[in-house]
Every structure is written in C-alpha cells, then in structure tokens.
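What follows is the residue order along each chain.
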Amino acid sequence: MQKQEININDEKEVRLSKLRDLEEAGMQGFPANSNKAETIAEALAKGEGDSVQTAGRIMTKREMGKVAFCDVEDESGRMQIVLKQDDLEKDVYKLFVKKIDAGDIIDVSGVRFVTKQGEQSVLVKSWKLLAKAILPLPDKFHGLQDDEIRMRKRYLDILTNAEMREVFRKKAHFWDVTRDFMKEKGFFEVETPYLETTTGGAEATPFATVHNDFDIDVYLRISVGELWQKRLMAAGFEKTFEIGRVFRNEGSSPDHLQEFTNMEFYWAYANYEDGMKLAQEMYQLIATKVFGKTEFQTKGMKYDLAGDWPKIDYVTEVKKQTGVDVLIATEDEMKAKLEKLGVKYEGENKERLTDTLWKYCRKNIAGPVFLVNHPKLVSPLAKTHRDNPKLTERFQIIIAGSEIGNGYSELNDPLEQRKRFEQQQELIKAGDTEAMMPDWEFVEMLEHGMPPTCGFGFGKRLFAFLMDKPIREVTMFPLVKPLEKKQKKSTSASGSQTKDTDFESLSVAREEAWKLVKKYNTEQSEFNHYLESEAIMRGLARHLSRDEEYWGMLGLLHDLDWHMTKDNDIEHITKSPDMLREAGFPEDFIHIIIT
C-alpha cells in the first residue's frame, strides 16, 4: 500500500504518521493498561543491578550512535533511561529511535546502573508506548511565555514548570494545615448550600441563575455559609467551620477573582477579641508549617507575622490619612475629599463613600495589624460596640495594604438585625448592587435565640500574598474567555472590514485617549512607545480585517500606568483598570488590556 504523503513542516502530521507506523508494527498507540510498579523516585532509590518497572513522560530525547538517552518524568521526579541497540532487538530499538518523541508516555523495564558520567540511570530491557503525544511540548528552555496561553493551557504550564507544581502542592498543604488547626481546636467541619435564594455574609454582586425544578431564581453563594453556620449555633453546635468555594460576579484584579476558596469559622460563647487571638495563632502556624518562616514580602512591602499584632482604629486611621472623620462627615464632604485625592468612587451613599476612603488608606499599611472599631454602616452583621453605639465589634487583618481576614462579634439581636437589613434593603432600592440582601428567615432564627458568637473568615488571598503572586497565578484553572468568541469572522460577504462585534463599542474618541496617555505619562520615550504600539496594532488589524480603531486603542493604552509603576513590576497594569473605567472604557476593553 502506498504511504500517505505528509508535510514534514507540520509537527502534528509528522507525529500522526509515526503513530500509524507504530500501530502497523503491532503496537497500540493508547493502551488501557500500564505495568508501572514503582515511581521514578522509588526506582532511583534502588541499587545498581536492581530491576525497575516504571512509567512516565519523555521530556527530552537524544541519540549518540547506537545508544539513545531520554529523561523520563512522573510526579515523583525525573530520571535518565538508556536504550542500547545491542541490548534490544534491532527492530524494537529502531522503532523507539525513529517513532518515539519527547512528550510520549511510556512503560519501561530494565536495571539500575550508573553511566560513565556518574548519571543515575536505568538501562532499558523492554518498553511499551502508553500514549502518543501528537502535539509537541513547549520549548524546554523557554516554556510558555504568554500569560494568556499559560492560563488557557495550564496543563502544559504545570507540566513544564516545576515551580508551578510546587505552588499547588504548597497550596494543598496550606489548606491541610488550616483544616488540622481548626479540628485540633475542637471545631466541627460542615457543608452548607452553594445555591441560595438570598445571598448573605458579604457585600458583593452575586451570580444569578434559575432552579428549573422549583421554578425560582437562585444565587451562587458569596460567603462560606455565614448565615447557615450561625443557624448551626442556634441549633446547638458551638464550633463549626467550612472550607469551600465562593462566587462573586465582580471585576478581576491581582487580588480578586470571581471564584475562589475561603474558610469561615463560627464559635459560640466567644467574641471578637477571642477571634483575634485564634486567627493570629492560625496565621502564624500556617506561616511556619507551610513556608518555614514568618518574614515575608508582598508587593514590595515587608512584614513579619511573628509576635503580637497591634490594633489600629478604623475612624482614627482614616482621619489620620485623609483628615475626614467618617462618623460625622457629610456625603458631599467625603466626595470632595475623594475627588481631591484623585480616587474614583462607586455609589453615592455614605456606606460606599466610607468604604472607598478606607480602601484608599489601607494600601499604605504593611501590617500585620488588626483593624478594629468599624462604623456600623459598613458592618451590617457585626454586634454594636459595647462602648460606642456608632461602631461595631469587628476586626480585619491587614497585610501588605489589603484585607486578608475578617471577623466579628456576631450580631445576635433580632430587633437590631431587622433594622440593619431594612437599611440594606433601602440601599438596594437606591441601586446599590453590593448591598446585602435581607434574609428574613435568618432574623426569625435569631428570634429563637443564638448565643453570643465570634465569626471569622479568610481565603486563598492569604496564600497568594504569602507567595507574593497574583491570585490568578495560584489558581489551577482560572476562567478564560473561549477562543471561539475571539476568532469569529469579522469580515462581511464582500470582504470589507467590520467591527469587533464580540466586544462593546468604544465611546471614547482617539483624541481623548491620547489626552489620557499624556495625563498619566510625561516622558517623550513613553509617548513614542505608545504611538509605535498603536501603529503595530493598527497594522495587525488591517492584515486580519479587524476593527482598526479598536485595535489601535488597545495598542495606544496597553501600558497606561507605566510611568507610575515602572519601578515596580508587580504593580504594573494594576492601576490601568481604574484609569480606563474613569475615562469611560467598557469592561471588555479593560479585560483585554489586563490579560
């Protein structure tokens, strides 16, 4: 039978041809069974002359005359295997050399030996193909460099990047230490609903969906069962905790994703002072057991988790940094201060303005500190402070300018809880999408009586901060937009250029965009860079028949915050989203810029 001609420049086609040749030689390309009896680490631990039966992926392959060398890897490690033509049947050796590639997964049996160069190896006596890789691995020296491709093809990133594998092993250990700590302290692990008819326990925009069987609207939870775990306090449990997924339909940033893992505990007959002590002990244990240290650096800020952490007062700190007393300032005064500081604020009510002022202040605090005495307005589930009715018994852990933990003396007065839910309901009616949905059945539970309780929660952000990585980087498979949407045909039947209909059109003119560049940048070299990038993107758009104006704007604005972040790579691109939102750019455009 005549051989099918193949394009030798098409790697996939070449490998498919090799697969056909292997199958014609009687070898299965994807058999169901493996003879692996030991890991590579176990094989390496054996002595010279011991027999080995293992399996793994070929990471590198090279030939020297009648000898072939491969590095084979499994989860436990990597080892060299050696195939000699004189030790194998000639056809079997030839088949391996000619038809097996880096990326293929194989079974090998042989004996342990050491090469003349001192390399611990296995001399192969027989081999079997387990899976033929019909696409090549990324370049062994450079790996996957493009962040978007790394996230989309995370399996390749993890396969070729030992550091990333270690990150995820460490993250698993992080949660193991957390779980063990809670259990050792007598807490009972529970599971609470992911689907809720009202969201509670946080102020965030939820994901909404429909329950077809009940014919009702439901939401993915925005906290780890806060209101459910409090029900368990009323039910007679005194110490509960849950580690689970949380979903918030909000923007992305280096510190925020829409889906993440949190832990929350609830502790009856305890208050926020007890919670602070327990949280500090837990964080310090995580630091020493998972990372082997207490001193860290995140986003350029150095801090030490050892020792007792100081407390700072919410109202005092905001006044110290901004001159505004959030308890007595009017909304107009708060807006004026935020505008003077150049801080964009969302929402017109005092709750949102207070929170925005605090967020401006927190970025200057390295920590670790306990932020305490929050105003009642921004803490709808916390108990009123025993010494000041305008404040609450709440604490947040501040590390590297961010909130990395949140706890309260939980509000258990049903009359007060009803009043605060009514306030939140008014905020919702006024258009505040992040206000907390009232849960009247929860109020009814409080009417039956719930003991004084401390609640506390933290999440994957703590792990990301201790690793000094963006939260997306420590997520195995972060959400990415489907390629199909990006690759829609963008030309009409006549071949003329059309707009990028996948994305919201731009309402900002090019002239306004150039003014924006000049607003945040001052050096001529920076202006040249922006203009060159715009020209390149416009050229690409013309070549691909895409929207030249849209692509040009992406090139012009892609490094908008460079001037203010060029000395800190970690912060680069983190300030651009707010600048672009303030200028009126849509979220799709901003998402492309930051990814």
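Please refer to the structure higher up on the page.
First things first, this report covers the structure right here in the doc.

What follows covers the packing of aromatic side chains. Taken as a whole, this structure holds 26 aromatic pairs when the rule is applied. Centroid distance F174 to F458: 6.1 Å. Interplanar angle 80°. Geometry classified as edge-to-face. On the criterion of sequence distance, the pair formed by F174 in helix α6 (residues 162-184) and F458 in strand β18 (residues 453-459) is long-range, its members being 284 residues apart. Of the two residues, F174 and F458, neither departs from the other in class, the shared state being buried. Where W175 meets F458, the ring centres are 5.8 Å apart and the plane angle is 20°; that geometry is what we call stacked. One end of the pair, W175, is in helix α6; the other, F458, is in strand β18, and 283 residues separate them in sequence. You can call W175 buried: its relative accessible area is 10%. Judged by relative accessible area, which is 2%, F458 ranks as buried.

We now examine unusual backbone geometry. Excluding glycine, a negative phi dihedral is what most residues carry, and trans is how most peptide bonds are arranged. The omega angle of the peptide bond from G367 to P368 is 0°, so this bond is cis rather than trans. Among the structural elements, P368 can be located in the loop between α11 (350-362) and β15 (369-372). Of note, K299 is a non-glycine position whose phi angle comes to about 55°, a positive value. Inspection of the secondary structure puts K299 in the loop between β12 (295-298) and β13 (301-304). Even without a glycine there, the phi angle at A400 is positive, about 50°. Assignment of secondary structure puts A400 in the loop between β16 (394-399) and β17 (402-409).

Quick look at the sheet that holds strand β4 (residues 105-114) now. Within a sheet, each strand pairs with its neighbour through backbone hydrogen bonds, oriented either parallel or antiparallel. Taken together, five strands build a closed barrel; the order of strands is β1-β2-β3-β5-β4 and the barrel is mixed. Adjacent strand axes in the sheet meet at a mean angle of 55°, parallel and antiparallel pairs treated alike. Sheet topology note: the strand β3 (residues 77-84)/strand β5 (residues 120-131) ladder contains three bridges and is parallel. Residue pairing across strands places V82 opposite L123, the latter belonging to β5.

The tally for this structure, following the rule as stated, stands at one cavity of 30 Å³ or more. Approximately 30 Å³ is the volume found for the largest cavity. Along its surface, the largest cavity is lined by K376, L377, P380, R420, Q423 and Q424. When the residues that make up the lining of the largest cavity are grouped by side-chain class, the tally is two nonpolar, two polar and two charged.

Looking now at the pairing of β5. Direction of pairing for β4 relative to β5: antiparallel, over a ladder of ten bridges. Paired with V111 across the two strands is L123, which belongs to β5. Linking two consecutive strands that pair antiparallel, namely β4 and β5, is a turn of five residues; a positive phi of about 85° is found at G118 within it.

As a further point, take the side chain of Q80. Examined against the element boundaries, Q80 turns out to sit in strand β3. Of the polar contacts made by the side chain of Q80, one reaches the side chain of R62; its length is 2.8 Å. Leaving out residues up to four positions away in the same chain, Q80 has contacts with R62, F69, C70, D71, T115, E119, Q120, S121 and V122.

Now for the environment of G77. Tracing the chain through its elements places G77 in strand β3. Using a relative accessible area of 22% as the deciding quantity, one classes G77 as partly exposed. Placed 155 residues apart in sequence, G77 and L232 show a C-alpha to C-alpha distance of 46 Å. Filtering out sequence-adjacent residues up to four positions away, G77 remains in contact with I40 and V72.

A word on the pattern of salt bridges. The final tally for this structure, using the stated rule, is 41 salt bridges. K183 is the salt-bridge partner of E189, the closest N and O atoms lying 3.7 Å from each other. Taking the shortest distance from any N to any O, the salt bridge between K359 and D355 comes out at 3.0 Å. Of the two residues, K359 and D355 both sit in helix α11, four residues apart, roughly one turn of that helix. Here the salt bridges share partners, and the residues they tie into one network are R510, E534, R538, E548 and E549.

The rules behind these values
Residues numbered from 1 in each chain as written. Predicted model: local features only at pLDDT ≥ 70, side-chain atom pairs only at ≥ 80, totals over all residues. Heavy atoms only, no water. Phe/Tyr/Trp six-rings, centres within 6.5 Å; stacked < 30°, edge-to-face > 60°. Helix = DSSP H or I, 4+ residues; strand = E, 2+ residues; numbered from the N terminus. Buried < 20%, exposed > 50% of the residue type's maximum accessible area, 1.4 Å probe, protein only. Pairing = 2+ DSSP bridges. Axes fitted to C-alpha atoms, helices over the stretch in contact; angles between N-to-C directions. 1 Å grid on protein atoms, 1.4 Å probe; cavity = no way out; pocket = protein on both sides within 12 Å on 5 of 7 lines; lining within 4 Å. Points joined across faces, edges and corners; volume = space filled by probe spheres on them. Nonpolar A, V, L, I, M, F, W, Y, C, P; charged D, E, K, R; others polar. Polar contact = N/O pair within 3.5 Å; in protein donor to acceptor, adjacent residues only side chain to side chain. Contact = heavy atoms within 4.5 Å. Salt bridge = Lys/Arg side-chain N within 4 Å of Asp/Glu carboxyl O.

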